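Examining the three-dimensional arrangement
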Amino acid sequence: MNFKKTVLKNGLRVITIPTKDAPAVTVLVMVEAGSKYETKDINGLSHFLEHMCFKGTEKRVGAGAISHELDSMGAQYNAFTGQEFTGYYAKVHPGHFNKALDIIADMYLHPTLPQSEIDKERGVIVEEINMYEDLPQRHVQEVFMELLYGNTPAGWGIAGPKENVLSLNREHFAAYRDKHYIALSTLVVVSGNFNEQEALKEIEKVFEGIAEKENPGKEAVSESQDKPEIILKTKPTDQVHAVLGVRTFDIHDKRNAALQVLQGVLGAGMSSRLFKKLRDEMGVCYYVKTGVDEFTDHGVLAVATGVDIKRAPQALEAVCVELKRLKDELVSPEELIKVKDCLIGNLYLSLETSDSLAEFYAVQEILKGSSLTPKEIEAKIRAITAEDVQSVARDVIQDKNLNLAIVSSLTDKAPFEKILHV
């Protein structure tokens, strides 16, 4: 799982992760362009552009040409958009590496963006938005970010509002690509079974014409909160879907390893504190998950669950009690070892395939400009003490930092205001 980072003459970054005898190779191109790089009037454009890059190039004419060629190789391929990046990838048999690289580079560098296809794809994206709004456990995550960051890029949905999707035109796409899809903002990752030297030569050749401009950057995230906050979105549901969380640190902060262990104590596995409390003891939910999101200039620790609508205040109060325990009590040596082993085991299991390895290194590089190996991350986790966990808990778990987002058929948030205490 060792890797090599190379910077080409034009500023394009390349990460290579060769794995001898792997059954596949993945080509991933990632760019520093996501919803945080947008303005309000074009919010959703990064995601829409991701769709449009599959709709043909000068070399591969027509909406189905790219998918036909990739399907003919038995490739697994897709694209994804986040707040701070967009990625395009294909995983293929090693014998198809050069062809896969050529296709991904072509669709990244030379999409034709025909207006007729833009007009057709609007309907696809609107239905994608509708689909996610119909999934309350997914929709509540966007509501949570809206609660924390409001009408700023960090608080906007990645797919954007429907009115933007219906109004964006080819000029918007061309201008955005011209600004952001440049050498200094672009990263190419190759992972799996391939010849490293030959791959670097091919990458240099196919990306030779990429634009060389200054990285335009993005608006900085503004953090401000002095009391607990609640947002309630009323929709017909059989459960209360909730996210309870706090603001934390950016990806460069040294406390993040301790924060990862903290969230592991809360929610890593079926023996975690919140799983045992909410599901095994109280019987109020099917799922309860914790997570830490680290961005370039901010971070979030959150607990997500879907609970019995009649017992929702009781369930969320139990979450607050468990959060408070982390401040008041040291995690036992036995529990600390178990949690670390769980986190480290999950890390390695998540990196079994060439595409997962490619994304692992790409996200780190895009967000912080460097990458740690799994072994280096393991060492950081192993070094965390119970005192480190308690210290970071006291830093972030405070009444004034609490945020609760709810999607349910309820209309009154008053019962939840009473339980937001840690």
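Right, let's talk about empty space enclosed by the protein for a bit. All chains considered together, the criterion is met by one cavity of 30 Å³ or more. By volume, the largest cavity amounts to about 40 Å³. Listing elements by their share of the lining of the largest cavity, those giving two or more residues are β8 (239-247) and β10 (299-308). When the residues that make up the lining of the largest cavity are grouped by side-chain class, the tally is seven nonpolar, one polar and no charged.

Counted according to the given criterion, the structure contains 29 salt bridges. Across the pair Glu-223 and Arg-247 runs a salt bridge whose closest N-O atoms are separated by 2.5 Å. A residue pair is termed long-range when its members are at least 10 positions apart, and Glu-223 in the loop between α8 (196-206) and β7 (229-234) and Arg-247 in strand β8 qualify at 24 residues. Its relative accessible area of 34% is what places Glu-223 among the partly exposed residues. Note on Arg-247: relative accessible area 11%, which makes it buried.

The next thing to look at is the sheet that holds strand β3 (residues 25-31). Taken in spatial order, the six strands of this open sheet run β1-β2-β6-β3-β5-β4, and their pairing is mixed. Looking at which strands have only one partner, the edges of the open sheet turn out to be β1 (4-7) and β4 (76-81). Neighbour-to-neighbour, the strand axes of the sheet open up by a mean angle of 15°, direction not taken into account. α8 contacts β1, β2 (13-18) and β6 (186-192) of the sheet and is inclined by roughly 155° relative to β2. Contacting β1, β2, β3, β4, β5 (86-92) and β6, helix α13 (residues 354-368) runs over the sheet at an angle of about 25° to β3.

Of the volumes computed, that of the second largest pocket is approximately 210 Å³. Around the second largest pocket, the lining comprises 17 residues; the ones closest to its centre are Tyr-37, Glu-38, Thr-39, Ile-42 and Lys-179. Split into classes, the residues belonging to the lining of the second largest pocket amount to seven nonpolar, four polar and six charged.

A few words now on the packing of aromatic side chains. According to the stated counting rule, one finds eleven aromatic pairs in the structure shown. With 6.4 Å between their ring centres and 45° between their planes, Phe-80 and Tyr-89 make a pair best called tilted. Ring centres of Tyr-108 and Phe-207 lie 6.4 Å apart, and the angle between their planes is 55°; this geometry places the pair in the tilted category. With Tyr-108 in helix α3 (residues 97-109) and Phe-207 in the loop between α8 and β7, this residue pair connects regions lying 99 residues apart in the sequence. Residue class for Tyr-108 comes out buried when judged on its relative accessible area of 0%.

A word on the sheet that holds β8. Spatially, five strands are ordered β7-β11-β8-β10-β9 in an open sheet, and the strand pairing comes out mixed. The two strands at the open ends of the sheet, each matched to only one other strand, are β7 and β9 (285-294). Each strand axis lies, on average, 15° off the axis of its neighbour in the sheet, ignoring direction. Of the strand pairs in this sheet, β9 and β10 are connected by eight bridges, and their pairing is antiparallel. Its bridge partner being in β10, Val-292 is matched across the sheet by Leu-301.

Thresholds applied
Residues numbered from 1 in each chain as written. Predicted model: local features only at pLDDT ≥ 70, side-chain atom pairs only at ≥ 80, totals over all residues. Heavy atoms only, no water. 1 Å grid on protein atoms, 1.4 Å probe; cavity = no way out; pocket = protein on both sides within 12 Å on 5 of 7 lines; lining within 4 Å. Points joined across faces, edges and corners; volume = space filled by probe spheres on them. Helix = DSSP H or I, 4+ residues; strand = E, 2+ residues; numbered from the N terminus. Nonpolar A, V, L, I, M, F, W, Y, C, P; charged D, E, K, R; others polar. Salt bridge = Lys/Arg side-chain N within 4 Å of Asp/Glu carboxyl O. Buried < 20%, exposed > 50% of the residue type's maximum accessible area, 1.4 Å probe, protein only. Pairing = 2+ DSSP bridges. Axes fitted to C-alpha atoms, helices over the stretch in contact; angles between N-to-C directions. Contact = heavy atoms within 4.5 Å. Phe/Tyr/Trp six-rings, centres within 6.5 Å; stacked < 30°, edge-to-face > 60°.

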